[in-house]
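# Residue-level structural notes
One-letter residues, chain by chain:
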Amino acid sequence: LPMVTLPGELARARAMLDREIAALAAAGVAHGRPALGIMVEVPAVAITPERFDADFFSIGSNDLVQYTCAVSREEAAAARLGSAADPSVLALIARVAAHGRVSGREVGLCGDAGGDPLLVPALLAAGLRSLSVQPELAGAVKAAIAGLDLATDT
């Protein structure tokens, strides 16, 4: 679910999903139950991820940077004021990753930050182990990861 800000939004989405699953069952339609995860794109979620009973979390680095650093991605001059390398953004990412470890929930990252080989060490140090990467950047990211010793570098 994108742009979740309040726990009630997730609860309402889960209730809608439950109703649809019940309708499928009542109609005799074979079905499964998909995992219900949320995008972590606003600081309100990243600061207190424990309030959100999601099955998994996907950190949207582009939006999280925009909202944390109060910069517009649409204006090039302002965009350079915010980066996923900003300590405040990395602290939020680390907070969500730590919650994932404690709660046993998967935490991944999507957005431009995952494809930046210079940021990969910091993202892994923050506790992430799943990065979404554009295909043309995968080689450089793999090389960055191959050069790390996660036992000592994070």
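Now for a description of the structure that goes with this document. Bear in mind the structure is a predicted one, so any value in this text is a computation, not a measurement.

## Concerning the nonpolar core
One finds Ile38, Phe57, Ile59, Ile93, Leu109, Leu123 and Leu128 to be the most contacted residues of the largest nonpolar core, which totals 37 residues. Residue contributions to this core peak at six residues, all from helix H5 (residues 87-103). If sequence neighbours within four positions are ignored, Ile59 has contacts with Val40, Leu64, Ile93, Val96, Val107, Gly108, Leu109, Cys110 and Leu128.

## Some details on the environment of Ala91
Tracing the sequence through the fold places Ala91 in helix H5. Exposure remark for Ala91: the relative accessible area of 45% places this residue in the partly exposed category. Spatially, the C-alpha atoms of Ala91 and Ala138 are 25 Å apart, while their sequence positions differ by 47 residues.

## Re the pattern of salt bridges
Counted under the stated rule, the structure contains three salt bridges. A salt bridge links Arg14 to Asp55, with the nearest nitrogen and oxygen atoms 3.9 Å apart. Of the two residues, Arg14 sits in helix H1 (residues 7-26) while Asp55 sits in the loop between helix H2 (43-47) and strand S2 (56-60), which places them 41 residues apart along the sequence.

## A few points about the sheet that holds strand S3 (residues 106-110)
Sheet strands line up and pair through hydrogen bonds in the backbone, either parallel or antiparallel. Ordered in space as S1-S2-S3, the three strands form an open sheet in which the pairing is parallel. Only two strands of the sheet have a single partner each, and these edge strands are strand S1 (38-40) and S3. Adjacent strand axes in the sheet meet at a mean angle of 30° when their direction is disregarded. Inspection of the sheet shows S1 paired to S2 by three bridges, in the parallel sense. Looking across to S2, one finds that Met39 is bridged to Ser58.

## Considering the packing of helix H3 (residues 61-69) against H5
In the contact formed by H3 and H5, the axes pass within 10 Å of each other and the chain directions differ by 125°. By the criterion of interaxial angle, the relationship of H3 to H5 is oblique. Where H3 crosses over H5, the two elements pack in a sense that is right-handed. Across the interface between the two elements, Leu64, Val65, Thr68 and Cys69 from H3 touch Ser88, Val89, Leu92 and Ile93 from H5.

## Overview of H3
Among the residues of H3, those classed as buried are Ser61, Asp63, Leu64, Val65, Gln66 and Cys69. Turning to H3, the residues buried within the fold contact S1, H2, S2, H5 and S3. Of the residues trailing H3, Ala70 is marked for its positive phi of about 55°.

## Comments concerning the pairing of S2
Judged by how many residues are buried, S2 sits mostly within the fold: four of five residues are covered. Alignment of S2 against S3, held across five bridges, turns out to be parallel. Bridging across to S3, Gly60 finds its partner in Cys110.

Definitions and limits used
- Residue indices begin from 1 for each chain and proceed along its sequence in written order.
- pLDDT decides what is reported in this predicted model: residues at 70 or higher carry local features, side-chain atom pairs at 80 or more are listed and counted, and totals for whole chains, interfaces and linings draw on all residues regardless.
- Calculation of side-chain values draws on the structure's entire complement of heavy atoms; hydrogens and water are dropped beforehand.
- Nonpolar cores are built from buried Ala, Val, Leu, Ile, Met, Phe, Trp, Tyr and Cys residues. Side-chain atoms within 4.5 Å join them into one set.
- Buried, partly exposed and exposed residues are distinguished by accessible area as a fraction of the type maximum, computed with a 1.4 Å probe on protein chains only: under 20%, between the cut-offs, and over 50%, respectively.
- Under the DSSP-based scheme used, a helix requires at least four consecutive residues in state H or I and a strand at least two consecutive residues in state E, with every element numbered from the N terminus.
- Contacts are residue-level and defined by heavy atoms, with any inter-residue pair within 4.5 Å sufficient.
- Whenever a carboxyl oxygen of Asp or Glu lies within 4 Å of a side-chain nitrogen of Lys or Arg, that contact is scored as a salt bridge.
- Two strands pair under a simple rule: DSSP has to find at least two bridges between them.
- Angles shown run from 0 to 180 degrees and are taken between the N-to-C directions of axes, each axis being a line fitted to C-alpha atoms and, for helices, limited to the stretch in contact.
- With respect to orientation, any angle under 35 degrees is reported as roughly parallel, any angle over 145 as roughly antiparallel, any angle of 65 to 115 as roughly perpendicular, and every other angle as oblique.
- Left-handed is the label given to a crossing in which the near helix is rotated counterclockwise from the far helix by less than a right angle, and right-handed is the label when the rotation is clockwise.

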